[in-house]
Amino acid sequence: MKKHLVLCILCTLCCVAYAQKIKIKTGIEVLKEQNFKCLEGKRVGLITNPTGVDNHMKSTIDILHEAPNVNLVALYGPEHGVRGDVHAGDHVTDIKDASTGLPVYSLYGKTRKATPEMLKDIDVLVYDIQDIGCRSFTYISTMGLAMEAAAENNKEFIVLDRPNPVGGLKIEGNLTEDDCISFVSQFKIPYLYGLTCGELAFMLNGEKMLKDGKQCKLQVVKMKGWKRKMDYTQTGLQWVPSSPHIPHPHSAFFYPVSGILGELGYMSIGVGYTIPFQMFAAPWVEAEKLARNLNGLNVPGIVFRPMYLKPFYSVGKGELLQGVQVHIMDFGKAPLSEIQFLVMQEVAALYPDRTVFDHADKGRFAMFDKVSGSKQIRERFSKRNRWEDIRDYWYKDVEEFRKLSKQYYLYK
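Computed from a prediction, not measured in an experiment: that's the story for all the values here. (Residues numbered from 1 in each chain as written. Predicted model: local features only at pLDDT ≥ 70, side-chain atom pairs only at ≥ 80, totals over all residues. Heavy atoms only, no water.)

> Lay out the side chain of Glu156 in plain terms, naming residues and giving numbers.
Looking at the secondary structure, you find Glu156 in strand E6 (residues 156-160). Within the local environment of Glu156, its side chain forms a polar contact with the side chain of Lys42, the two groups lying 2.9 Å apart. Apart from the residues within four sequence positions on either side, Glu156 is in contact with Lys42, Asp123, Val124, Leu125, Lys217 and Gln219. (Helix = DSSP H or I, 4+ residues; strand = E, 2+ residues; numbered from the N terminus. Polar contact = N/O pair within 3.5 Å; in protein donor to acceptor, adjacent residues only side chain to side chain. Contact = heavy atoms within 4.5 Å.)

Pasting the structure below:
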């Protein structure tokens, strides 16, 4: 009996110690504190996925479903689905949620924007999804299209805010250009945009960036305790994989390091191995040489380590590859998105017969352009395979966007 009592006390102490480590309250935590006041008397639709949890890892679906003063009537699933059971890129279908019995409407199937039929039984749409702070990750596209649908159908829109995992200071990449607007670059924002989803929603609404300049009736349930300088690892929050290849909070740091090049399937970027987005490798690379060249560039906050691997699936499956692992030594100083272009540059210098745009699948160029937000990146780079030829173009919109976006900051 005493032994069990001691164990219980130890477990309680551990839980208390863990709870004290959490430094912020996300939107769903604040909504609970407010006793769901903004949802009372309304029929509620919820856009979420497994990342929509409170500080104790309970799903926002179940929290709203069980709240006595909330009438949750429908769920809406982005890419990967409400419960995260759909593979990347696969269509999500309309189903019933097994746990609550509620109808689940797909926002990643026949349509990516909620139809009037999907919204007819609700008064307010609530959005609670953890994204990764990068334009090409599709959850913010889902949010923006849902805001458009809310405006068109006279529904209220509420964002339960969450941290930007790469913090609120890093802004990298050009604005999306008209011919590259797509579901992986839905809005004219930089590749890394330095805003929380709530701040971005305010900006999309305030700057009339939604289709036809529409504006919805928008409310954001702010976080408590989050600061712009915080990356996700500094929040104390647990991480729920935002997609199968973003298994850890630091995965969000690496997604912009290699994700654009990854669209070409030209080199392994670690998807199909144990370190997704953290590496670059191919069967024709010589690890030591590539590491030496890249380290010779003295990229601030970055070290390249030679590595050898055999991927389990995807690019290079079952082949012995050589390449480099990217180590972020100083996150604050590290320029994330330019690393892939420097790799492409050094590969061309070492292996002139392997230059990326001469050997990658041309059928994938369109997706590379959409994720880059501009055809200019590919066209300018391919002439000499030099980062310096696109650097100014890549960063040309950053300061202007920083100035504009500051108007929508909810956090210091």
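> Quick one: what's the story with the sheet that holds strand E9 (residues 302-309), residue by residue and with numbers?
A sheet is described by the order of its strands in space; here three strands give the open sequence E8-E10-E9, paired in antiparallel fashion. Only two strands of the sheet have a single neighbouring strand rather than two, namely strand E8 (279-282) and E9. Recorded for the sheet is a direction-independent mean angle of 20 degrees between the axes of neighbouring strands. Sheet strands in contact with helix H8 (residues 287-295) are E9 and strand E10 (321-328), and its direction is about 170 degrees off that of E9. Where helix H9 (residues 339-350) meets the sheet, it contacts E8, E9 and E10, and its direction lies at approximately 25 degrees from that of E8. (Pairing = 2+ DSSP bridges. Axes fitted to C-alpha atoms, helices over the stretch in contact; angles between N-to-C directions.)

> Give me the lowdown on unusual backbone geometry, citing residues and values where you can.
In this model, Phe36 sits at a positive phi of 60 degrees, which is unusual for a non-glycine residue. Counting through the fold element by element, Phe36 comes out in the loop between helix H2 (27-33) and strand E1 (43-48). Among the residues examined, Phe36 registers a relative accessible area of 8% and is labelled buried. For Asn298, which is not glycine, the phi dihedral falls at a positive 55 degrees. Mapped onto the secondary structure, Asn298 falls in the loop between H8 and E9. A residue is classified by how much of its surface remains accessible, and Asn298, at 62% relative accessible area, is exposed. (Buried < 20%, exposed > 50% of the residue type's maximum accessible area, 1.4 Å probe, protein only.)

> Let's hear about the domain arrangement of the protein chain: which residues, and what values?
The assigned domain composition of the protein chain is domain 1 (25-237) and domain 2 (247-372). Taking the mean C-alpha position of each, domain 1 and domain 2 sit 30 Å from one another. Summed over both sides, the interface of domain 1 with domain 2 buries roughly 1,500 Å², with 67% coming from carbon and sulfur. When the buried surface of domain 1 facing domain 2 is broken down by residue, Lys170, Glu172 and Tyr191 rank first, second and third, together holding 32% of it. The interface formed by domain 1 and domain 2 includes zero salt bridges. Where domain 1 meets domain 2, there are ten residue pairs in polar contact (both at pLDDT 80 or more). Looking at the side of domain 1 that touches domain 2 residue by residue, the class counts come to ten nonpolar, five polar and four charged. (Domains from an automatic or database assignment. Buried area = accessible area lost by both parts, 1.4 Å probe. Salt bridge = Lys/Arg side-chain N within 4 Å of Asp/Glu carboxyl O. Nonpolar A, V, L, I, M, F, W, Y, C, P; charged D, E, K, R; others polar.)

> Could you give me a rundown of the nonpolar core, with the residues and numbers involved?
Grouped together as the largest cluster of nonpolar side chains are 101 residues, with contacts concentrated most on Met143, Phe157, Phe280 and Phe341. Looking at which domains feed residues into this core, each of domain 1 (25-237) and domain 2 (247-372) gives three or more. Counting residues in each nonpolar core, the second largest holds 23 residues, with Cys38, Ile63, Val70 and Val126 among its members. (Core = buried A, V, L, I, M, F, W, Y, C linked by side-chain atoms within 4.5 Å.)

> Can you break down the packing of helix H11 (residues 365-372) against helix H12 (residues 375-384) residue by residue, with the values?
Interaxial distance between H11 and H12 falls to 7 Å at its minimum, and their mutual angle equals 115 degrees. By the angle class used here, H11 and H12 are roughly perpendicular. Between H11 and H12, the contacting residues are Phe365, Phe368, Asp369 and Ser372 on the first element and Lys375, Ile377 and Arg378 on the second. Grouping the constituent residues of the contact of H11 with H12 by class yields three nonpolar, one polar and three charged. (Parallel < 35°, antiparallel > 145°, perpendicular 65-115°, else oblique.)

> With reference to specific residues and values, describe the UniProt feature "domain: Peptidoglycan beta-N-acetylmuramidase NamZ C-terminal" (unreviewed entry) in the protein chain.
The UniProt record annotates "domain: Peptidoglycan beta-N-acetylmuramidase NamZ C-terminal" (unreviewed entry) at residues 254-411. Helix makes up 41% of residues 254-411 and strand makes up 13%, while its end C-alpha atoms are separated by 24 Å. (UniProt positions renumbered as here; feature names shortened; annotations may be inferred.)

> Could you give an account of the pairing of strand E2 (residues 71-77), with specific residues and numbers?
Along E2, five of the seven residues are buried, which leaves the element largely enclosed by surrounding structure. Of the strand pairs in this sheet, E1 and E2 are connected by five bridges, and their pairing is parallel. Across the sheet, the residue bridging to Gly45 is Ala74, located in E2. A crossover connection joins E1 to the parallel E2 through helix H3 (residues 60-66); in handedness this β-α-β unit is right-handed. Relative to strand E4 (residues 103-106), E2 runs parallel, the two being bridged by three bridges. Its bridge partner lying in E4, Tyr76 is registered against Tyr105. (Right-handed = clockwise from strand over helix to strand, strands pointing away.)

> Summarise the environment of Asp123; cite the residues concerned and give the values.
Here Asp123 lies in the loop between helix H4 (116-119) and strand E5 (124-128). Along the primary structure Asp123 and Arg43 are separated by 80 residues, whereas in three dimensions their C-alpha atoms are 5.1 Å apart. Excluding its chain neighbours within four sequence positions, the residues that come into contact with Asp123 are Lys42, Arg43, Lys155 and Glu156.

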